[in-house]
Amino acid sequence: MRVVRWLVGFVVAVVVLLGVAVYLLGLYPLRELHPSPMQARGVLAITGANVYVSPDAPVMARATVVVRDGKIAAVGEGVEVPAGAEVIACDGCVVTAGFWNAHVHFTEAKWIGAEWKPKGVLEAQVEDMLTSRGFTTVVDTGSNLRDTVPLRRRIEHGEILGPKIYTAGGALYPPKGIPYYLRGSLPGWMLRLMAQPATPAAAVKDVDRNIADGADILKLFTGSYVERGTVLPMPVEIATAAVEAARAHGQIAFAHESDLAGVKVAMASGVSVLAHAVDTTEGVDDAVLRDIIARKMAMVPTLKMFRTTVTTKASYLDPIYAQVRRFHELGGDLIFGTDVGYMTDYDTADEFQALAKSGLNGRDMLRMLTVTPATRFGVSAEKGTLEVGKDGDLVVMNGDPMTDVGAFARPKMTVRGGRVIWRR
Ligand SMILES: [Zn+2]
């Protein structure tokens, strides 16, 4: 009798403990999915700055930027500094709108348990990867929402200084289509959790679950490198069902396309953004690029990632640079993104150098960093330029990126919503 009672007590204790664990690790992190953005109170004034209000405006010399309660209140020469403002004397520095990085991941082991990590640890990680590079808005194209949602919440609560985060949550892969480079690096249980819908209905379910858990965009592997040099395309009816499910919630889709077949699935299914340049370039000619542009799809080149994680061989890289150059010449929308998180070298200098190799100048790059992504995400009324009334998101640089694009990679201060979120 006593043994039975003891056994029952033991089982109850185990069940309760398991329940608590599931709650703390699985459900508790997924609260407050879309917190309202952090916005500073008070007045910030940057004086003596050379200001690029937008990629197309002439430079405004020795100007003052005033941010009041998180919004741009005035920009110009001879603008008066309001009494009580926090003044940053800039002395010839250059100011632009805050940068976007539209391809990042919060998937390194250091983001696991973001709900519980000490503030200082998490903030140092965010600083290293993002805010010290000038990013005020980032698009996470694949991560565990149980880490990304708490990170986003702690940022918007003002506890951790960081960028605005859009996230895709878990990506969708073709059936039996996990990329070889993930198969090698992730534990088996994690691989089994990754969505590989076998039918359109299953794809819709996966998209809806992601959205219910806090995702803002959809990420599809329309072409997945199942082995080095072998791309498995996603069945087009599965991709189409996923994109339509996202669109029903007002969300856009990003695709990792890899080769021509992956591009065709992305085009046919209604994807909005190619998350990389096409790196298996066979068959990707002018006609294909024109088709991508005609469908109003944008491209995030991620050039440094190819060089850093695949190979430095010119026979591989040169056709990719040529493709980005041609896409740009034909009028395609390019968006800045580096795939940091997957790529563990966070320095952005090489990406700007590679974009210069593809024929882009400083204004083209500023457009990729600001106006184009803001427009694509439907927030051009709030972000992308330094016009009065928009969010006080800005980057302060020492050099002029219009004469040396390397200056983009060396910010000295990052301001988001009127709050200094990083300074050198
Ligand atoms: Zn990526």
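Residues numbered from 1 in each chain as written. Predicted model: local features only at pLDDT ≥ 70, side-chain atom pairs only at ≥ 80, totals over all residues. Heavy atoms only, no water.

**As for the domain arrangement of the chain**
Note: interface size is frequently given as the accessible area lost on complex formation between the parts. Entries for the chain in the domain assignment read domain 1 (36-97 + 386-424) and domain 2 (98-385). For domain 1 versus domain 2, the separation of C-alpha centres amounts to 28 Å. Residue-level contacts link 35 residues of domain 1 with 36 residues of domain 2. For the pair domain 1 and domain 2, the two sides together bury roughly 2,800 Å², of which 58% comes from carbon and sulfur. A salt bridge links Arg 367 to Asp 56; the shortest N-O distance between them is 2.8 Å. Counting every contact that joins domain 1 to domain 2 gives 15 residue pairs in polar contact (both at pLDDT 80 or more). Residue assignment for the side of domain 1 that touches domain 2 shows that the elements contributing at least two residues are strand E5 (94-97), strand E15 (394-397), strand E16 (411-416) and strand E17 (419-423). Taken together, the residues of the side of domain 1 that touches domain 2 sort by class into 23 nonpolar, five polar and seven charged. (Domains from an automatic or database assignment. Contact = heavy atoms within 4.5 Å. Buried area = accessible area lost by both parts, 1.4 Å probe. Salt bridge = Lys/Arg side-chain N within 4 Å of Asp/Glu carboxyl O. Polar contact = N/O pair within 3.5 Å; in protein donor to acceptor, adjacent residues only side chain to side chain. Helix = DSSP H or I, 4+ residues; strand = E, 2+ residues; numbered from the N terminus. Nonpolar A, V, L, I, M, F, W, Y, C, P; charged D, E, K, R; others polar.)

**What to know about a nonpolar patch on the surface**
A cluster of nonpolar side chains, namely Val 4, Val 8, Val 12, Val 16, Val 20, Val 22, Tyr 23, Leu 24, Leu 25, Leu 27 and Trp 116, defines an oily patch on the protein surface of about 1,000 Å² accessible area. Mapped onto the elements, Trp 116 comes out in the loop between strand E6 (99-104) and helix H2 (119-129). (Patch = residues over 30% accessible without salt bridge, like charges linked within 9 Å, V, L, I, M, F, W, Y side chains within 5 Å. Areas by Shrake-Rupley, 256 points an atom, 1.4 Å probe, with all protein chains shown as cover.)

**Looking at the state of the cysteines**
Enumeration over the complete set of coordinates arrives at one disulfide. Across a sulfur-sulfur distance of 1.4 Å, Cys 90 and Cys 93 are joined as a disulfide pair. Handedness of the Cys 90-Cys 93 disulfide follows from its S-S torsion of about 65°: it is right-handed. Using a relative accessible area of 4% as the deciding quantity, one classes Cys 90 as buried. (Disulfide = S-S within 2.5 Å. Buried < 20%, exposed > 50% of the residue type's maximum accessible area, 1.4 Å probe, protein only.)

**Remarks on the UniProt feature "domain: Amidohydrolase-related" (unreviewed entry) in the chain**
The UniProt feature table records "domain: Amidohydrolase-related" (unreviewed entry) at residues 94-420. Summarising residues 94-420: 38% helix, 16% strand, and an end-to-end C-alpha distance of 16 Å. (UniProt positions renumbered as here; feature names shortened; annotations may be inferred.)

**A short note on the coordination of the zinc ion**
Donor atoms from the polypeptide that bind the zinc ion are His 103 (NE2), His 105 (NE2) and Asp 339 (OD), placed at 2.1 to 2.3 Å. Site description for the zinc ion: donor spacing in sequence, H-x1-H-x233-D. Of this pair, His 105 sits in the loop between E6 and H2 while Asp 339 sits in the loop between helix H11 (314-329) and helix H12 (349-357), placing them 234 residues apart in sequence. An identical accessibility class is assigned to His 105 and Asp 339; each is buried. (Donors = N, O, S within 2.8 Å, 3.2 Å for Na, K, Ca; no water.)

**Digging into the packing of aromatic side chains**
In this structure the tally under the stated criterion is 15 aromatic pairs. A centroid spacing of 5.7 Å and a plane angle of 70° characterise the contact between Phe 99 and Phe 408, whose relative ring orientation is edge-to-face. Taken as a pair, Phe 99 in strand E6 and Phe 408 in the loop between E15 and E16 lie far apart in primary sequence, 309 residues in all. With respect to class, Phe 99 is no different from Phe 408; both count as buried. Relative to Tyr 166, the ring of Trp 100 lies with its centre 5.8 Å away and its plane at 20°, an arrangement referred to as stacked. Of the two residues, Trp 100 is situated in strand E6 and Tyr 166 in strand E8 (residues 164-167); the sequence distance between them amounts to 66 residues. Neither Trp 100 nor Tyr 166 differs from the other in exposure class; each is buried. (Phe/Tyr/Trp six-rings, centres within 6.5 Å; stacked < 30°, edge-to-face > 60°.)

**Examining the UniProt feature "transmembrane region" (unreviewed entry) in the chain**
Under the present numbering, the feature "transmembrane region" (unreviewed entry) in UniProt falls on residues 6-28. Along residues 6-28 the backbone is 96% helical and 0% strand, and the end-to-end C-alpha distance reaches 31 Å.

**A short note on the sheet that holds strand E13 (residues 273-274)**
In spatial order, the strands read E9-E12-E13-E14; together these four strands make up an open sheet with parallel pairing. Edge positions in the sheet fall to strand E9 (218-221) and strand E14 (298-299), since each has one partner strand and no second. Examined bridge by bridge, E13 and E14 share two bridges and lie parallel to one another. Directly across from Val 273, in E14, lies its bridge partner Ala 298. In this fold helix H7 (residues 236-247) packs onto E9 and strand E12 (253-256), with an angle of close to 175° to the strand it touches most, E9. (Pairing = 2+ DSSP bridges. Axes fitted to C-alpha atoms, helices over the stretch in contact; angles between N-to-C directions.)

**Observations concerning the pairing of E12**
Alternating residues of E12 divide into Ala 253 and Ala 255 and Phe 254 and His 256, and every residue in both groups is buried. Summarising the sheet, E9 and E12 pair through four bridges and their orientation is parallel. From the neighbouring strand, Leu 220 faces E12, where its bridge partner is Ala 255. Two strands pair when backbone bridges link them, and E12 and E13 are joined in this way by two bridges, in the parallel orientation. The residue of E13 that forms the bridge with Ala 255 is Leu 274. Running through helix H8 (residues 260-269), the crossover from E12 to the neighbouring parallel element E13 is right-handed. (Right-handed = clockwise from strand over helix to strand, strands pointing away.)

**Side note on the pattern of salt bridges**
If you walk through the whole model with that rule in mind, you get 27 salt bridges. Among the charged side chains, a salt-bridge network with shared partners connects Lys 71, Lys 383, Asp 391 and Asp 393.

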